[in-house]
Structure formats: structure tokens, C-alpha cells
Amino acid sequence: MMFDRTIRHCRQCGALVARRLPDDGDTKERAICTVCHTVHYENPLNVVGTVPHWGDQVLLCKRNIEPRKGKWTLPAGFMELGESTSQGAARETTEEAGAQFIMEDLFTVMSVPRVGQVHLYYRARLTSDVFDPGHETMEARLFKEDEIPWDELAFRTVKETLEHYFADRKAGRFGTHAFDIA
């Protein structure tokens, strides 16, 4: 499913935009205001989150919102203006899981061009196994690898991140994984 976030109206003055090459030498068609001539760029959204871990378990959240309501996910969401990727990931983990944790290194970076997103997950060491999930989460709970509801995961990016996490854990060292998801 391809999302259409095409700009139709100018964010500056509200007039209709036209798609054409800008006069500044850009080689890609852009949405350009027909009145004030503002050039609008359409860029991917960043999704940020964590892989919260406690011993040999990871924390998953059961979604209480669409899309994929009732499916399991890592705590994650859209990055907000004014925050770094790690700050956004920490905020989402607090909001969705009510978890207490220490942020660790960047773990996965996944480009998902078909939906215009880039997903970034950090490892997060839990400092408590008590959670207070927010309204977007039905349930937050710890899972060992063999307990993960693999067929009930909300997104492929979550599945791929978890697979890399458990493979790295078995190998005894964590790296950063960057890849594309078609």
C-alpha cells in the first residue's frame, strides 16, 4: 500500500501548487506555489523506537490504536520536531510502555521507501520490570525469544529488528544494522 502525502496546497499562503522543476537548478519536480512561489519538499518521516531488554527478555507492547490494533510491537512512533532520534525513541518508550530504562546504542536503521519512512531503533536496558503503559498500549510485557508472538507482530520492521537483536545476543556482541525493506 503506497501512502499519498502529495502536497496540494502551499503551506505558506494556501494557494494551489504546481509540480514542476524549480528555477534554482534542482533536477527533481517539486510542489511549487503558483502564487508565492514557495518550493515544498516532500521528505520521509522518521519512526523512532527502542528494543527494551531485561535479561534474556524483550519488552513488547500490544497496540491499542490503528494501524494494526491488537498486534504486538516494539515501543516506537513518529519523531517530533525539536528532538533527536534518541530523544524521540526514549519519549515513545515512556509514553507507550511506561518503562524505566537506560538508552543504549543505535541498533537498526531501516529505509521503507514504499511508505516514505525511515525506522531507527535503539537498544534500551530496562532498569525495572514494572510497566505503566499509556493509552496507545493495551498491554506491555516481557517475552523470551521462544515466547514472542511472531505471527502477531504489527510491522515487518519490528520483526527484522527482533531477529537481529536475538542473533546479535547469541553472537555475544551488538552491532548497528542498516538495510532497506521493500
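Within each chain, residues carry numbers counting from 1 in the order of the written sequence. Where totals are concerned, whole chains, interfaces and linings use all residues; where local detail is concerned, this predicted model gives features only for residues with pLDDT of at least 70, and gives and counts side-chain atom pairs only at 80 or more. Derived side-chain values reflect all non-hydrogen atoms in the structure, with water molecules and hydrogen atoms excluded from consideration.

Chemist: So what's going on with the packing of aromatic side chains? Which residues, and what values?
Modeler: Here is the rule: rings of Phe, Tyr and Trp (six-membered ring for Trp) pair when centre to centre is within 6.5 Å. Planes less than 30 degrees apart are stacked, more than 60 are edge-to-face, and the remainder are tilted. Evaluation of the coordinates by the stated rule reveals 5 aromatic pairs. When the ring of Phe107 is compared with that of Phe174, the centres are 6.1 Å apart and the planes differ by 70°; the resulting orientation is edge-to-face. Here Phe107 is found in strand β8 (residues 101-112), whereas its partner Phe174 is found in the loop between α2 (156-171) and β11 (177-180), with 67 residues between them in sequence. A residue is classified by how much of its surface remains accessible, and Phe174, at 33% relative accessible area, is partly exposed. Pairing Tyr165 with Phe166 gives two aromatic rings, centres 5.3 Å apart and planes at 80°, and the pair type is edge-to-face. An aromatic cluster of three or more residues is present, and its members are Phe107, Tyr165, Phe166 and Phe174. What counts as a helix is a DSSP run of H or I of at least four residues, what counts as a strand is a run of E of at least two, and both are numbered from the N terminus. Only protein chains enter the accessibility calculation, which uses a 1.4 Å probe; a residue whose area is less than 20% of its type maximum is buried, one above 50% is exposed, and one in between is partly exposed.

Chemist: Kindly report on α2, identifying the contributing residues and their values.
Modeler: Between its first and last C-alpha atoms α2 spans 23 Å; for 16 residues at 1.5 Å apiece the expected length is 22 Å, and the two agree. Among the residues of α2, Thr157, Val158, Glu160, Thr161, Leu162, Tyr165, Phe166 and Asp168 are the ones counted as buried. Contact partners of the buried residues in α2: β4 (45-54), β5 (57-63), β6 (72-73), β8, β9 (117-126) and β11. Directly beyond the C-terminal end of α2, a positive phi value near 85° is found at Gly172. By this rule, a helix spans an expected 1.5 Å times one less than how many residues it contains. The contact definition used throughout considers only heavy atoms, calling two residues in contact when any of these lie within 4.5 Å.

Chemist: Explain the pairing of β8 to me, using residue names and the numbers behind them.
Modeler: Note on pairing: two strands pair once DSSP finds at least 2 bridges between them. Where β8 lies against β9, 9 bridges are found, and the strand directions are antiparallel. Note that in β9 the partner of Val109 across the bridge is Leu120. Linking β8 to β9, which pair antiparallel, is a turn of 4 residues; within it Gly116 sits at a positive phi near 65°. Sheet topology note: the β8/β11 ladder contains 4 bridges and is parallel. Bridged to Ser111 within β11 is Asp180.

Chemist: Residue-level account of the layout of surface pockets, with values.
Modeler: Empty space among the atoms becomes apparent when a probe as large as a water molecule is rolled across them. Cavity means a closed set of points on a 1 Å grid over the protein atoms alone, one where a 1.4 Å probe fits but cannot get out, pocket means an open set with protein on both sides within 12 Å along at least 5 of 7 lines, and lining means a residue has an atom within 4 Å of a point. Grid points are joined across faces, edges and corners, and a volume is the space filled by probe spheres set on the points. By volume, the largest pocket is sized at about 820 Å³. Pro67, Phe78, Gln117, His119 and Phe155 are, among the 34 residues lining the largest pocket, the residues nearest its centre. Looking at the lining of the largest pocket, the elements with two or more residues in it are β4, β7 (76-78), α1 (85-97), β9 and α2. Tallying contributions element by element places α1 first for the lining of the largest pocket, with 4 residues. Polar here means any residue outside two lists: the nonpolar Ala, Val, Leu, Ile, Met, Phe, Trp, Tyr, Cys and Pro, and the charged Asp, Glu, Lys and Arg; Gly therefore counts as polar. For the lining of the largest pocket, the per-class residue count stands at 17 nonpolar, 5 polar and 12 charged.

Chemist: Hey, could you go over the side chain of His53 for me, with residue numbers and the actual values?
Modeler: Inspection of the secondary structure assignment puts His53 in strand β4. Pairs of N or O atoms within 3.5 Å make up the polar contacts considered here, provided that, within protein, one atom can donate a hydrogen while the other can accept it, and that residues adjacent in sequence are counted only when both atoms are side-chain atoms. Engagement of the side chain of His53 in a polar contact is seen with the side chain of Glu104, the distance being 2.6 Å. For His53, the residues in contact, after removing those within four places along its chain, are Val58, Glu104, Arg123, Ala124, Arg125, Leu126 and Tyr165.

Chemist: Kindly report on the pattern of salt bridges, identifying the contributing residues and their values.
Modeler: Close approach of charged atoms allows side chains with opposite charge to pair. Any carboxyl oxygen of Asp or Glu within 4 Å of a side-chain nitrogen of Lys or Arg constitutes a salt bridge here. According to the stated counting rule, one finds 12 salt bridges in the structure shown. In this structure, Arg20 and Asp23 form a salt bridge, with 3.4 Å as the shortest nitrogen-oxygen distance. Overall, the relative accessible area of 31% leaves Arg20 in the partly exposed class. Since its relative accessible area comes to 72%, Asp23 is described here as exposed. For Glu160, the salt bridge is made with Arg156, and the minimal N-O distance between the two is 3.3 Å. You can see Glu160 and its partner Arg156 sitting in helix α2, 4 residues apart, about one turn around the helix. When its relative accessible area of 17% is taken as the criterion, Glu160 is described as buried. Of the residues examined, Arg156 reaches a relative accessible area of 46% and is grouped as partly exposed.

Purely spatial values, then, with no claim about function.
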